[in-house]
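Coordinate analysis (summary)
Below are the chains, spelled out letter by letter.
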Amino acid sequence: MTSTFLPDKRTGPGAGSPPPAAERRPPGRARRRALHWLTAAGFQLPALVLFMGLVLLPMLFALYAAFFRWGGFGMPSDYIGGENFTRLFQDEVFLGDLWRCLVLVVLSLAIQLPFALAMAVLLNQRMRGRAVYRMLFFAPYVLSEAITGILFGMIFAPDDGFADQVLGKVGLEGLGGEWFADPSTVMATVFLVMTWKYFGFHMMLYLAGLQAVPRELTEAALIDGASAWQRFRNVTLPLLAPTLRISVFLSVIGAIQLFDLVWVTTAGGPDHHSETMAVTMFQYGFKRYQVGYASAISVVMFGISLVFALAYQRFVLRRDLEGATTTMRGDGK
């Protein structure tokens, strides 16, 4: 058998070589890719414009205003450098705000989140009316902070408030008093209101995580003779860890930025004993018209939140985020 090889009639340095990739690309593919990117940009553009106008630009302007002595009218012109930040860390009220923020974070992690987890484990069991209990426990989170503050202002009103009346009925009237007006009890009362308001949100997070735990694993542990505590500690809790980490992150960020609940209930009183960084910022910015100093407080708040978020993502959430990124290309490359 013989074979005939037809010579390549093309001449030149590229003779006999395959056509380049641009020539092999199907007609219209570049146009489709361009249309794909234009469509994606069109959907993202409104969100980007809103983010730039309502978030990024105000943040940059606050950073700019923090270096001025400015009352909020006209453009900042009295440049004072870092004097606002120097004053900030010499202000006993702001240093107290940092300490109270730390107290709220510790109490949230030590009391509020474990209580929410316990309620989630309880309501994850088969029991009559558990849907009603879930709704009742989650309902406070749906209420606005303003309504919650007004409600508990009435409950903890001195002498004729609901809390004092209940304590008087059971013979514990000595435990009542000026809940929000006493410096020794105001932070504990604020934390109690916080827990009532927000524990339902974390409980629902934990319930969602618990329902994702395979029942076969707990049944296998039960067959092996593990007790309820051993099943929870060795099976349920490790599988619930990603949800717990997200819950801790949200709780800490919420404590750093806490404002409206405190403002409605105590306005930071008595004598700054319940004041938070956000309340101090509001007092200086909108009550005393020291907007430059208030901007410095906002910059420090943002810096604390950013440092915590980056560190938490780097050292705590890194394993949860591995492989979570996606691409827009269909081949996954």
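A brief structural summary. (Residues numbered from 1 in each chain as written. Predicted model: local features only at pLDDT ≥ 70, side-chain atom pairs only at ≥ 80, totals over all residues. Heavy atoms only, no water.)

Describing the overall build of the chain
Each helix and strand counted, the chain has 14 helices and zero strands in total. Scanning the chain from its N terminus toward the C terminus, one meets helices and strands in the order α-α-α-α-α-α-α-α-α-α-α-α-α-α. For the chain, the residues scored as buried account for 32% of the 333 residues in total. Taking all contacts inside the chain whose residues are at least 6 apart in sequence as the whole, residues at least 24 apart take part in 64%. (Helix = DSSP H or I, 4+ residues; strand = E, 2+ residues; numbered from the N terminus. Buried < 20%, exposed > 50% of the residue type's maximum accessible area, 1.4 Å probe, protein only. Contact = heavy atoms within 4.5 Å.)

Some points on the side chain of T148
Mapped onto the secondary structure, T148 falls in helix 6 (residues 145-155). Of note is the side chain of T148, whose polar atom sits 3.0 Å from the backbone oxygen of S144. T148 has contacts with P140, L143, V193, W196, K197 and L261, leaving out every residue within four places of it along the chain. (Polar contact = N/O pair within 3.5 Å; in protein donor to acceptor, adjacent residues only side chain to side chain.)

Overview of the pattern of salt bridges
Following the criterion strictly, the structure yields four salt bridges and no others. We note a salt bridge from R69 to E83, for which the minimum N-O separation is 3.1 Å. Of this pair, R69 sits in the loop between helix 2 (29-65) and helix 3 (83-88) while E83 sits in helix 3, and the two are 14 residues apart along the sequence. The class for R69 is partly exposed, based on a relative accessible area of 46%. A network of salt bridges, in which partner residues are shared, links R69, D78 and E83. (Salt bridge = Lys/Arg side-chain N within 4 Å of Asp/Glu carboxyl O.)

Quick look at the nonpolar core
Counting 36 residues, the largest nonpolar core has L104, F156 and I297 as its most contacted members. Looking at this core, the elements that each hand over two or more residues are helix 3, helix 4 (92-123), helix 7 (162-169), helix 8 (186-211), helix 10 (228-256), helix 11 (260-265), helix 12 (277-287) and helix 13 (291-315). With seven residues, helix 8 is the single largest residue contributor to this core. Ignoring anything within four residues of it in the chain, the contact list for F156 reads A163, W179, F180, T189, L192 and V193. Of all hydrophobic cores here, the second largest spans 14 residues; its members include A116, M119, Y206 and L207. (Core = buried A, V, L, I, M, F, W, Y, C linked by side-chain atoms within 4.5 Å.)

Concerning the packing of aromatic side chains
Tallying each qualifying case throughout the model produces 25 aromatic pairs. On the numbers, 4.9 Å between centres and 50° between planes, the contact of F156 with W179 is tilted. In this pair, F156 is assigned in the loop between helix 6 and helix 7 and W179 in the loop between helix 7 and helix 8, connecting sequence segments 23 residues apart. Here F156 matches W179 in class, with each residue buried. Here F249 and Y312 contribute two aromatic rings whose centre-to-centre distance is 5.6 Å and whose plane-to-plane angle is 35°, an arrangement assigned as tilted. Here Y312 lies in helix 13 and F249 lies in helix 10, a separation of 63 residues in the sequence. (Phe/Tyr/Trp six-rings, centres within 6.5 Å; stacked < 30°, edge-to-face > 60°.)

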